[in-house]
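A structural walkthrough
What follows is each chain in one-letter form.
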Amino acid sequence: MALDNKDFEKLYNQYSILVYNLALNYLQNIEDAEEITQDVFIQINNSISKFQEKSSLKTWIYRITINKCLDFIKHKNSQKRFFIFGKKSQNEFEIENVSNFEHPGILLENKEKSKLLFEIINELGENQKTAFLLSKIDGLSNSEISEIMKLSISSVESLVFRAKATLKEKISNKFEEYRKKLK
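In short, a report on the structure. The shown structure was predicted, so the numbers you read here are calculated from the model rather than taken from an experiment. (Residues numbered from 1 in each chain as written. Predicted model: local features only at pLDDT ≥ 70, side-chain atom pairs only at ≥ 80, totals over all residues. Heavy atoms only, no water.)

**So, the overall build of the protein**
Spelled out, the test is: Counting from the N terminus, the helices are DSSP H or I runs at least four residues long and the strands are E runs at least two residues long. Burial status follows relative accessibility: with a 1.4 Å probe on protein chains alone, a residue under 20% of its type maximum counts as buried, one over 50% as exposed, and anything between as partly exposed. Here, two residues are considered to be in contact whenever any of their heavy atoms come within 4.5 Å of each other. Values of accessible area rely on a 1.4 Å probe in the Shrake-Rupley scheme; residue burial ignores everything except the protein chains shown.
Scanning the protein from terminus to terminus reveals eight helices and zero strands. Shown N-terminal to C-terminal, the secondary structure of the protein runs as helices and strands in the order α-α-α-α-α-α-α-α. Among the 183 residues that make up the protein, the fraction classed as buried is 36%. Looking at the protein alone, contacts between residues at least 24 apart form 71% of all its contacts between residues at least 6 apart. Element-wise, carbon and sulfur atoms account for 51% of the exposed surface of the protein, whose accessible area totals about 11,900 Å².

Below, the structure written as structure tokens:
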């Protein structure tokens, strides 16, 4: 049983930005994030009758989004593409009306740093990447992440800790390589 138009619109308005931002964090591509957002809401509409309320609706939507993103990444895994995105949006008006004036030198420097960071994040294992993105990018608590990932809070803490340690080490190594090239 699908939602009627009014209920679907209300659900979409409440959660579309959350879904879009999470997909953007995973995929670093606006078009792919938009596609995932559509796919997520199609699945929500088609399977809302199966929602058992064992978790919150928000948690269920997070799980669907993460699974869609991971499936999308696996599907496109043969094509290694890295895209850089801007700030997270708080509303659809911002998504459509972002100012495009930035100093070219700063834009290039930020793009290079972002590309490097997301190349390293994308090297993390699936669970570490998910825990890190939900914690550090989406700002969720460990208990919320625990519920979404169906892991214990201590497991989530461990995943985030190991992800940060791995990122720190790999970033340090990248900058050491860069410094050697400058000499």
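**Side note on helix H7 (residues 142-149)**
Because each turn of an α-helix spans 3.6 residues, side chains separated by three or four positions in sequence point in the same direction. Applied cut-off: It is the directions from the helix axis to the C-beta atoms whose arc is reported.
The complete set of buried residues in H7 reads Ile145, Ser146, Ile148 and Met149. Projected onto a plane normal to the axis of H7, the buried residues spread over an arc of 165 degrees and lie on a single side. Backbone geometry just after H7 places Lys150 at a positive phi near 55 degrees.

**Thoughts on helix H1 (residues 5-27)**
Threshold: Expected span of a helix, by definition, is 1.5 Å for each gap between consecutive residues, and there is one gap fewer than residues. At any given residue, the bend is defined as the angle formed between two axes, one fitted to the seven residues that end at that position and one fitted to the seven that begin there.
Across its 23 residues, H1 extends only 29 Å between first and last C-alpha, which sits more than 12% below the 33 Å expected from 1.5 Å per residue. Along H1, the largest kink reaches about 50 degrees and is centred on Tyr15. Of the residues flanking the end of H1, it is Gln28, one or two places downstream, whose phi is positive at about 50 degrees.

**Section: the side chain of Gln128**
The residue Gln128 is located in helix H6 (residues 126-137) in this model. Contacts of Gln128, omitting those with residues within four sequence positions, involve Leu159, Arg162, Ala163 and Thr166.

**Thoughts on the environment of Leu151**
Positionally, Leu151 belongs in the loop between H7 and helix H8 (153-182). The partly exposed category is assigned to Leu151, whose relative accessible area is 28%. In contact with Leu151, other than residues within four places in its own chain, are Ser146, Val156 and Leu159.

**What about the nonpolar core?**
Inclusion rule: Side-chain atoms within 4.5 Å link the members of a nonpolar core, which is a set of buried Ala, Val, Leu, Ile, Met, Phe, Trp, Tyr and Cys residues.
In this structure, Tyr26, Ile44, Ile61 and Leu134 are the most contacted members of the largest nonpolar core, which totals 43 residues. Contributions of two or more residues to this core are made by H1, helix H2 (30-47), helix H3 (57-75), helix H5 (104-121), H6, H7 and H8. For this core, the leading source of residues is H1, giving 10 residues. In this view, Tyr26 contacts Ile66, Cys69, Leu70, Ile73, Asn122, Lys129, Thr130 and Leu133; residues no more than four positions away in its chain are not counted.

**Notes on the pattern of salt bridges**
Threshold: Any carboxyl oxygen of Asp or Glu that lies within 4 Å of a side-chain nitrogen of Lys or Arg is treated as forming a salt bridge with it.
Under the definition given, this model contains two salt bridges. Among the ionic pairs, Lys74 bridges to Glu126, the shortest N-O distance being 3.5 Å. Remark: Glu126 occurs in helix H6 and Lys74 occurs in helix H3; sequence separation between them is 52 residues. Judged by relative accessible area, which is 51%, Lys74 ranks as exposed. Lys170 serves as the salt-bridge partner of Glu123, at 2.9 Å between the closest nitrogen and oxygen. Of this pair, Glu123 sits in the loop between H5 and H6 while Lys170 sits in helix H8, and the two are 47 residues apart along the sequence. Here Glu123 falls in the partly exposed class, since its relative accessible area comes to 47%.

**Here we look at the packing of H1 against H3**
Threshold: Between the N-to-C directions of two axes lies an angle of 0 to 180 degrees, each axis being a line fitted to C-alpha atoms and, for a helix, fitted only over the stretch in contact. Each crossing gets its hand from how the near helix is turned against the far one by less than a right angle, where anticlockwise is left-handed and clockwise is right-handed. Classification convention: Asp, Glu, Lys, Arg as charged; Ala, Val, Leu, Ile, Met, Phe, Trp, Tyr, Cys, Pro as nonpolar; all other residues, Gly among them, as polar.
Following both chains from N to C, one finds H1 and H3 inclined at 35 degrees, their axes separated by 10 Å at the closest point. The hand of the H1/H3 crossing is right-handed. The residues of H3 that touch H1, namely those facing Leu11, Tyr15, Leu18, Val19, Leu22, Ala23, Tyr26 and Leu27, are Leu57, Lys58, Ile61, Tyr62, Thr65, Ile66, Cys69, Leu70, Phe72 and Ile73. Class assignment of the residues belonging to the contact of H1 with H3 gives a composition of 16 nonpolar, one polar and one charged.

**With respect to the packing of aromatic side chains**
This is how the line gets drawn: Aromatic rings from Phe, Tyr and Trp, taking only the six-membered ring of Trp, are treated as a pair when their centres fall within 6.5 Å; an angle between ring planes under 30 degrees marks them as stacked, one over 60 as edge-to-face, and anything in between as tilted.
Counted under the stated rule, the structure contains four aromatic pairs. Ring geometry for Phe8 against Phe41: centres 6.2 Å apart, planes inclined by 90 degrees, an arrangement best described as edge-to-face. Highlighted residues: Phe8 in helix H1 and Phe41 in helix H2, separated in sequence by 33 residues. With relative accessibility at 24%, the residue Phe8 sits in the partly exposed group.

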